[in-house]
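# Structure assessment
Single-letter residue listing:
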Amino acid sequence: MAKDKTLYVCDYCGQESVKWVGKCPSCGRWNSMKEFRTLSNSPSRGRTHSLVFSQGNGECPSPLNQIVADSEPRIDMGDEELNRVLGGGLVPGSLVLLGGEPGIGKSTLILQTVLRLTDKKVLYVSGEESARQIKLRADRLGTHPQPLPVKEGSEESGLLILTETSLEHIYTQIEETQPDLVVIDSIQTIQTETVESSPGSLSQIRECAASLLKYAKGGGVSIILIGHITKEGTLAGPKVLEHIVDAVLQFEGDQHYMYRILRSIKNRFGSTSELGIYEMKHDGLRQVSNPSELLLTDDREGLSGIAIACAIEGARPFMIETQALVSTAAYGTAQRSTTGYESRRLNMLLAVLEKRVGFKLATKDVFLNIAGGLRVTDPALDLAVIAAVLSSNGDMPIETDVCVTGEVGLSGEIRPVSRIEQRIAEAQKLGFQRILIPSFNLKGINPKQYKIEIVPVRRVAEAVRELFG
Ligand code: TYD
Ligand code: MG
């Protein structure tokens, strides 16, 4: 017999406990443990989110070779960037979480996408905005070439708007309207009767998401959840949701920049290295299919402190403008500040410059900025960072038709980077005349097949000579 089980879950960090405690043993907050009843109809496994996967009909194991797995049909979202990040479209019956800071454009992205899905019935549940607000926004987005969807033979639009926060009522409406796709904006506003805590609390979010997952798996309807990211940058507090859903997409960007980046953080049906780029316009988000051209400043001629890197984020290469400003520290201690780049990595590179190449930067302020509000994690950017810093330090501009790619090691060696052919091809496509690459990467390629001049470098000092003579 299934037994209801009571757990206590910390609202801040997700720590579980079978007994109530006043102070969370994990994050140390007081009074944060909330009662959490599991839906449980399942064996004695401790964690609730593993319980939800059991469908409860006592299935027997089947030999792998007898399981029929047709290639997953995918719903074409009518948006190349989104399709790619999802791994080729949305899988029917999947639960996808789209996370991002408030105001970044999550509702806009999803609304403009569902407006395009003319052949699908979509139920858009909003707990945040009124139906009128959504209509106004849809009209604003309606200036796009895509017409508002109207199902054939009916006057009705294929998009239904529901302003509701009770999960139970939402289920009733889903049963009634039988949509192909349900959007929930946002998971933080939805509330279920099975848990006694306020909407947005961890136990509510977790219970609602788990219940929705079960529903999606059972009924074949796809569900997109929109979730706000907390100040700390995690999705809805702890990682609870990430365990539950099939895919987690993160929408990020700086409020002050127009670019928005859609990343896949987790995907049960595709790769997590994919990346989509959008530009926020007055009439919605525009897909950016050639990001490099947008990210480069046109007029770099004669400016010092700028180096162009060929980095790979996701599956695509980008030409990224790296800007540095090195100036004498006004106060005793030198400042180091970075935007879009890890500051520890900058410190490491500055130490390499000091120790291996002999540049004294200890008394200098160093500011580093990745243009366009991009956040780059590809280590191949290292060489560009070093080049930009030296360029600014000596006030020596780098020629505008030169770009660099390479990871820098602690001994000042230039380490090989992945997918060099793609990087060279991108640089060539954008009209660069020379590219500095790690010597080691020469092995796999034939430099003669490219028009662009390929300059292999083994050490930072060598790269410095190549760039600044
Ligand atoms: P929104 O989608 O509401 O963000 P989220 O759902 O992530 O909280 O987008 C909010 C911002 O986007 C808002 O500040 C206005 C801006 N925006 C545009 O610039 N152009 C548009 O066409 C739309 C609809 C919004
Ligand atoms: Mg919103």
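### Remarks on the sheet that holds strand β6 (residues 159–163)
On the basis of which strands lie adjacent, the open sheet formed by 9 strands has the order β6-β5-β7-β8-β4-β9-β10-β11-β12 and mixed pairing. Two strands bound the open sheet, and with one partner strand each, they are β6 and β12 (284–287). Between one strand axis and the next, the sheet turns through 25° on average, direction left out of account. Two elements, strand β10 (residues 259–267) and strand β11 (residues 275–281), share 5 bridges in a ladder whose sense is antiparallel. Within β11, the residue paired with Arg260 across the bridge is Tyr278. Running over the sheet, helix α5 (residues 167–177) touches β5 (122–126), β6 and β7 (181–185) and is turned about 165° from β5. Sheet contacts for helix α6 (residues 202–219): β4 (95–100), β7 and β8 (222–228); angle to β8, the most-contacted strand, approximately 160°.

### Things to note about the packing of helix α10 (residues 382–393) against helix α12 (residues 460–468)
Between two packed helices, what matters for the description is the angle formed by their axes and the separation of those axes. Close contact between α10 and α12 brings their axes to 11 Å; oriented N to C, the two are set at 55°. When the axes of α10 and α12 are compared, the pair comes out oblique. Read as a crossing pair, α10 and α12 show a hand that is right-handed. Contacts between α10 and α12 pair Leu383, Ile386, Ala387, Leu390 and Ser391 from the former with Val460, Ala463, Val464, Leu467 and Phe468 from the latter. Along the lines of polarity and charge, the residues of the contact of α10 with α12 split into 9 nonpolar, 1 polar and no charged.

### Topic: the environment of Ala330
Within the element layout of this structure, Ala330 appears in the loop between β14 (316–328) and β15 (336–339). Residue Ala330 is classed as exposed on the basis of its relative accessible area of 65%.

### Overview of the side chain of Glu81
For Glu81, the position within the fold is in helix α2 (residues 80–85). For Glu81, a relative accessible area of 2% puts it in the buried group. Here Ile277 takes part through its backbone nitrogen, which lies 2.7 Å from a polar atom of the side chain of Glu81. In this view, Glu81 contacts Leu275, Gly276, Ile277, Tyr278, Gln287, Val288, Ser289 and Arg316; residues no more than four positions away in its chain are not counted.

### Considerations on the confidence of the model for the chain
Per-residue pLDDT for the chain averages 83, and the proportion of residues at 70 or more is 87%. Note that residues 40–56 has pLDDT below 50 and, in this model, 36 contacts with residues that lie over four places away or in other chains. Taken as a whole, residues 144–155 scores under 50 in pLDDT and shows 17 contacts with residues more than four places along the chain or in a different chain.

### As for the packing of aromatic side chains
Applying the stated criterion across every chain, the model contains 2 aromatic pairs. On the basis of an interplanar angle of 80° and a centroid distance of 5.9 Å, the ring pair of Phe251 and Tyr278 is categorised as edge-to-face. Of this pair, Phe251 sits in strand β9 (residues 247–252) while Tyr278 sits in strand β11; the two residues are 27 residues apart in sequence, bridging distant segments of the chain. Each member of the pair, Phe251 as well as Tyr278, is classed as buried.

Thresholds applied
- Residues numbered from 1 in each chain as written.
- Chains lettered and ligands numbered in written order.
- Predicted model: local features only at pLDDT ≥ 70, side-chain atom pairs only at ≥ 80, totals over all residues.
- Heavy atoms only, no water.
- Pairing = 2+ DSSP bridges.
- Helix = DSSP H or I, 4+ residues; strand = E, 2+ residues; numbered from the N terminus.
- Axes fitted to C-alpha atoms, helices over the stretch in contact; angles between N-to-C directions.
- Contact = heavy atoms within 4.5 Å.
- Parallel < 35°, antiparallel > 145°, perpendicular 65-115°, else oblique.
- Left-handed = near helix turned anticlockwise from the far one by under 90°.
- Nonpolar A, V, L, I, M, F, W, Y, C, P; charged D, E, K, R; others polar.
- Buried < 20%, exposed > 50% of the residue type's maximum accessible area, 1.4 Å probe, protein only.
- Polar contact = N/O pair within 3.5 Å; in protein donor to acceptor, adjacent residues only side chain to side chain.
- pLDDT = per-residue confidence, 0-100.
- Phe/Tyr/Trp six-rings, centres within 6.5 Å; stacked < 30°, edge-to-face > 60°.

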